[in-house]
Structures are given as C-alpha cells and as structure tokens.
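Secondary and tertiary structure notes
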Amino acid sequence: MKVIHLSKSEFLQRVANYETHPNEWKYLGSKPAIIDFYATWCGPCKAVSPIMDELAEEYQDNLYIYKVDTGQEQELAALFGIRSVPSVLFIPMNGTPQMAVGAMNKSGYEQAIKELLLP
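Notes on the structure follow.

Here is what the cut-offs are and how they apply
- Residues numbered from 1 in each chain as written.
- Predicted model: local features only at pLDDT ≥ 70, side-chain atom pairs only at ≥ 80, totals over all residues.
- Heavy atoms only, no water.
- Helix = DSSP H or I, 4+ residues; strand = E, 2+ residues; numbered from the N terminus.
- Expected span 1.5 Å × (residues − 1).
- Buried < 20%, exposed > 50% of the residue type's maximum accessible area, 1.4 Å probe, protein only.
- Contact = heavy atoms within 4.5 Å.
- Pairing = 2+ DSSP bridges.
- Axes fitted to C-alpha atoms, helices over the stretch in contact; angles between N-to-C directions.
- Salt bridge = Lys/Arg side-chain N within 4 Å of Asp/Glu carboxyl O.

In this model helix α2 (residues 43–58) runs 24 Å from its N-terminal to its C-terminal C-alpha over 16 residues, within 8% of the 22 Å that 1.5 Å per residue would give. Listing the buried residues of α2 in full gives Cys45, Val48, Ile51, Met52, Leu55 and Ala56. Tucked into the core, α2 has its buried residues touching β2 (33–38), β3 (64–69), β4 (87–91) and α4 (106–117).

Strand order in the open sheet made by the five strands is β1-β3-β2-β4-β5, with mixed pairing throughout. Looking along the sheet, the strands with just one partner apiece sit at the ends: β1 (4–5) and β5 (98–101). Sheet topology places β2 next to β4; five bridges connect them, and they run antiparallel. Bridge pairing in β4 links phenylalanine 37 to serine 87. Across the sheet, α4 lies against β2, β4 and β5, angled at about 30° from β4, the strand it touches most.

For the rest of this paragraph, the subject is the pattern of salt bridges. Any two side chains of opposite charge can pair, given that their charged atoms come close. This structure, assessed with the given rule, holds five salt bridges. Across the pair lysine 67 and aspartate 36 runs a salt bridge whose closest N-O atoms are separated by 2.9 Å. Pair noted here: lysine 67 is in strand β3 and aspartate 36 is in strand β2, with a separation of 31 residues, a long-range link. Here lysine 67 matches aspartate 36 in class, with each residue buried. The shortest N-O distance in the salt bridge between lysine 106 and glutamate 54 comes to 3.0 Å. Pair noted here: lysine 106 is in helix α4 and glutamate 54 is in helix α2, with a separation of 52 residues, a long-range link. A network of salt bridges, in which partner residues are shared, links Lys8, Glu19 and Glu75.

Here the focus is the side chain of glutamate 73. Along the chain, glutamate 73 falls in the loop between β3 and α3 (74–79). Residues within four places of glutamate 73 in sequence aside, it is in contact with Leu6, Ser7, Lys8 and Val68.

Quick look at the structure:
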C-alpha cells in the first residue's frame, strides 16, 4: 500500500465529514490513520516523505497513511490549525486524534504508532 494523497472531498469521505458533523469528531475509517500535513517547498517535509512511504508499506494491514498538501488544501490546514509543517495527525479508531508538529525520525513515528494507534 502507498501513501494516499487526500483532497477535501476525499477527506470528507474517508476521514471525517466535518460539514455534516461540525461539532464532533466522527472518524469514518476502518483502521487507524496518520495524516501528514506537508508543503511542497518544505525541506523537513521532503525528509519525512520517504519515511511515510516505508511506514505505509510496513503497516499496510493495520493503518492508513494519508498526505495533505497544505498549499492545495488550505481549508483542511486551517481546520486543524496547521501553522508549521510537517504536522502529523495520529487518528485512533476511538478517541481524539493527536497532532505532532515537526519532523521525527522513523523510530519516533513507530513509537507513536505503537502508543497511540496500535496499543
């Protein structure tokens, strides 16, 4: 499985429909997810990208990994208060998503996956 690039319409279908449920988080996915909010001009984002590709391959049976281009999807970036990229949202099946700001190494993402998404 590869990283899935999300547009607003795909986000509404696959992750959460904030237009239908503006006041509550209701995750629509069938397995936990990670959303990598990035920008094409961002150096640290370019460093994180191959890590996300590796994680998508390694965890393909257990979680989804999405990418959102904050330049193209400004509404989604604003919705999540993205002020710095990369920002990575960890979405468990139940409970509240958690945001991590800044680039991490692969082991940092793996630790977050184990603690937040696949305990």
